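# Structure assessment
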Amino acid sequence: ISCPCALVISVPLSFFAGIGAASKVGILVKGSVYLEELSRIKTAVFDKTGTLTNGCFEVVEINSENPNILKYAALAEASSNHPIAKAIKKAYGKDVEEQKITEISGKGIKMELDGKEILVGNSKLLGINVDNNIAGTLVYVAIDGECIGNIVISDTVKKDSKETIFGLNKKNISTVMLTGDSEKVAKSIQEQLGIQKVFSELLPNEKVEKLEEIINKNQGITIFVGDGINDAPVLTRADIGIAMGGLGADAAIEAADVVIMDDKPSKLLDVMKISKKTMRIVKQNIIFAIGVKVLFLILSTFGLMTMWGAIFADVGVTLLAVLNALRILK
């Protein structure tokens, strides 16, 4: 009756089943200790680019009465491989021929087209003031020195980022974002997603310092979710580091304790659900195994237990605990 088979087999098996269940939905958990800690998260800290956003620029707005503004910008950027240039050419959606251009360092591009001088670049190129109310990169276009409008280019938010933040806030888990981007861009993402706290314009070492402050102030498990090579030190410092495995840097994936293979932040909610279910079943198995054995030991003391009862208390309880552990896989 006192043989510990049920505990020795069912408890590790429950964690193995939990790790297996997470892998079935594209989440790699690098050990049972991390699966356990995921059920006790109190603070979730996120990187921005590539984690909550797609990590690629897109044209989000065109402010001009001239229908050819995007064409002029695409022609000017035809020979460039800069992410902003790629975003403009992608938005234009047509093949463009390389033009003879003059690059003005740190400002933009000048070219001749149909006898007109086309300027494409930032506000410094045209000597105008930047609209501080827009969260994104502004590309201005001018014809013969007259500005015809601007193109707003920004990194886009992932489809399930808002769902993720909402789910964490609903569970009373504090949400924080650390980013190297400007305060204007950070505030825009905060408003879109409902993140509770945002810290912007941070260098990689400052991210580590800020995370340490957060860990020291808050009780419970603090996780950090990131994807870039600069996030590796922060992933290592967090109680649990979670990396985006699809487009994430190898250094970040290696430093992380949990890897989300398809880069969907909502998978964080899935692995937390699996973690809590695993811990619930582990506790059920411990209580059931010890409870049955204590009961049968008391009965055997008074001679009310047969050998068949003893076998059930050992083998039977073990099999039931194993079957209970396998429920995690569903």
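Here the structure is a predicted model, which means the values were calculated and not measured.

Cut-offs used in this document
Residues numbered from 1 in each chain as written. Predicted model: local features only at pLDDT ≥ 70, side-chain atom pairs only at ≥ 80, totals over all residues. Heavy atoms only, no water. Pairing = 2+ DSSP bridges. Helix = DSSP H or I, 4+ residues; strand = E, 2+ residues; numbered from the N terminus. Axes fitted to C-alpha atoms, helices over the stretch in contact; angles between N-to-C directions. Salt bridge = Lys/Arg side-chain N within 4 Å of Asp/Glu carboxyl O. Buried < 20%, exposed > 50% of the residue type's maximum accessible area, 1.4 Å probe, protein only.

We now examine the sheet that holds strand β7 (residues 137-143). Strand order in the open sheet formed by six strands is β3-β8-β7-β6-β5-β4, with antiparallel pairing between adjacent strands. Of all strands in the sheet, those bounded by a partner on one side alone are β3 (53-64) and β4 (101-104). Here the strands of the sheet are splayed against their neighbours by 20° on average, with no regard to which way each runs.

Next up on the list: the pattern of salt bridges. Counted by the stated rule, this structure contains five salt bridges. K207 serves as the salt-bridge partner of D47, at 3.0 Å between the closest nitrogen and oxygen. Pair noted here: D47 is in strand β2 (residues 41-47) and K207 is in helix α8 (residues 204-217), with a separation of 160 residues, a long-range link. Given a relative accessible area of 6%, D47 falls into the buried group. For R237, the salt bridge identified is with E212, shortest N-O distance 3.3 Å. With R237 in helix α9 (residues 232-237) and E212 in helix α8, this pair connects stretches of sequence that are 25 residues apart. A cluster of three or more residues bridged by salt bridges with shared partners is formed by D47, K207 and D231.

Attention now goes to the sheet that holds strand β9 (residues 174-178). Read across the open sheet, the seven strands follow the order β1-β13-β12-β11-β2-β9-β10; overall the sheet is mixed. Either end of the sheet is taken by a strand with one partner, and the two such strands are β1 (27-29) and β10 (197-199). In this sheet, adjacent strand axes meet at a mean angle of 20° when their direction is disregarded. In the sheet, strand β12 (residues 240-244) pairs with strand β13 (residues 258-260) via three bridges, with the strands oriented parallel. Bridged to M244 within β13 is I260.

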